[in-house]
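# Coordinate analysis (summary)
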Amino acid sequence: MSDSSTPAGVIVCQVDDVQVKSSLLVEVDDCPIAIVRDSYGELHAIGDTCSHDDISLSEGDVEDGTIECWAHGSSFDLSSGQPLTLPAFEPVPVFALTIHGSDVYVDVTNILNGVSAQ
């Protein structure tokens with residue numbers, strides 16, 4: 001028997017809206033979120049604002065399982081939100097993301113790494 005329940009959160013885009021090694025800026029409840037497809041094709045939802053400065057991460061480069069802030073070069077792990085390079089030293093939030101059919105849902109009430117979404 002299949003589960004036909006609707007995932008938690010809200011639909012933010014379609015799976016095909018985000019190409020490999022790219023990202024898409026969405027907003028849920030006034031919270032900017034980067035929907036990122038890593039080099040392996042996996043989708044992630046992270047806070048879009050770099051923890052070092054008020055810069056949109058969705059405009060940065062995606063490589064492997066990371067995204068790099070275009071302004072100052074800080075890289076963030078897409079699974080944990082942890083900064084991997086300076087100047088950032090604080091993590092960004094990682095949100096629960098669910099794919100249901102071709103819909104991508106993000107639940108901003110379910111922050112996987114416990115980092116405040118501001």
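This text follows the structure it describes.
In this text the structure is predicted, and so the values were computed from the model without any measurement.

### Observations regarding the sheet that holds strand S9 (residues 103–111)
Strand order in the open sheet made by the six strands is S1-S9-S8-S4-S3-S2, with antiparallel pairing throughout. Only two strands of the sheet have a single partner each, and these edge strands are strand S1 (10–14) and strand S2 (22–28). With direction set aside, neighbouring strand axes in the sheet form an average angle of 30°. Sheet topology note: the strand S3 (residues 31–37)/strand S4 (residues 43–47) ladder contains five bridges and is antiparallel.

### Describing the sheet that holds strand S6 (residues 66–68)
The strand order across the open sheet formed by three strands is S5-S6-S7, and the pairing between neighbours is antiparallel. Each edge of the open sheet is held by one strand with a lone partner, namely strand S5 (61–63) and strand S7 (75–77). Put simply, the sheet's adjacent strands are angled 25° from each other on average, direction ignored. Pairing of S5 with S6, which is carried by three bridges, proceeds in the antiparallel orientation.

### Re the pairing of S9
Relative to S9, S1 runs antiparallel, the two sharing four bridges. Each residue of the ladder has a partner; that of Val 10, found in S9, is Val 106. Direction of pairing for strand S8 (residues 94–100) relative to S9: antiparallel, over a ladder of six bridges. Within S9, the position partnered with Thr 98 by the bridge is Tyr 105. A loop of two residues connects S8 with S9, the two strands running antiparallel in sequence, and Gly 101 in this loop sits at a positive phi of about 70°.

### Observations concerning the nonpolar core
Counting 15 residues, the largest nonpolar core has Val 12, Ile 33, Ile 35, Phe 95 and Val 106 as the members making the most contacts within it. Residue contacts for Val 12: discarding those within four places in its chain leaves Val 26, Val 28, Ile 35, Val 104 and Val 106. Core analysis: the next-biggest nonpolar cluster, separate from the first, contains 14 residues, Val 62, Cys 69, Val 92 and Val 94 among them.

Calculation notes
Residues numbered from 1 in each chain as written. Predicted model: local features only at pLDDT ≥ 70, side-chain atom pairs only at ≥ 80, totals over all residues. Heavy atoms only, no water. Pairing = 2+ DSSP bridges. Helix = DSSP H or I, 4+ residues; strand = E, 2+ residues; numbered from the N terminus. Axes fitted to C-alpha atoms, helices over the stretch in contact; angles between N-to-C directions. Core = buried A, V, L, I, M, F, W, Y, C linked by side-chain atoms within 4.5 Å. Buried < 20%, exposed > 50% of the residue type's maximum accessible area, 1.4 Å probe, protein only. Contact = heavy atoms within 4.5 Å.

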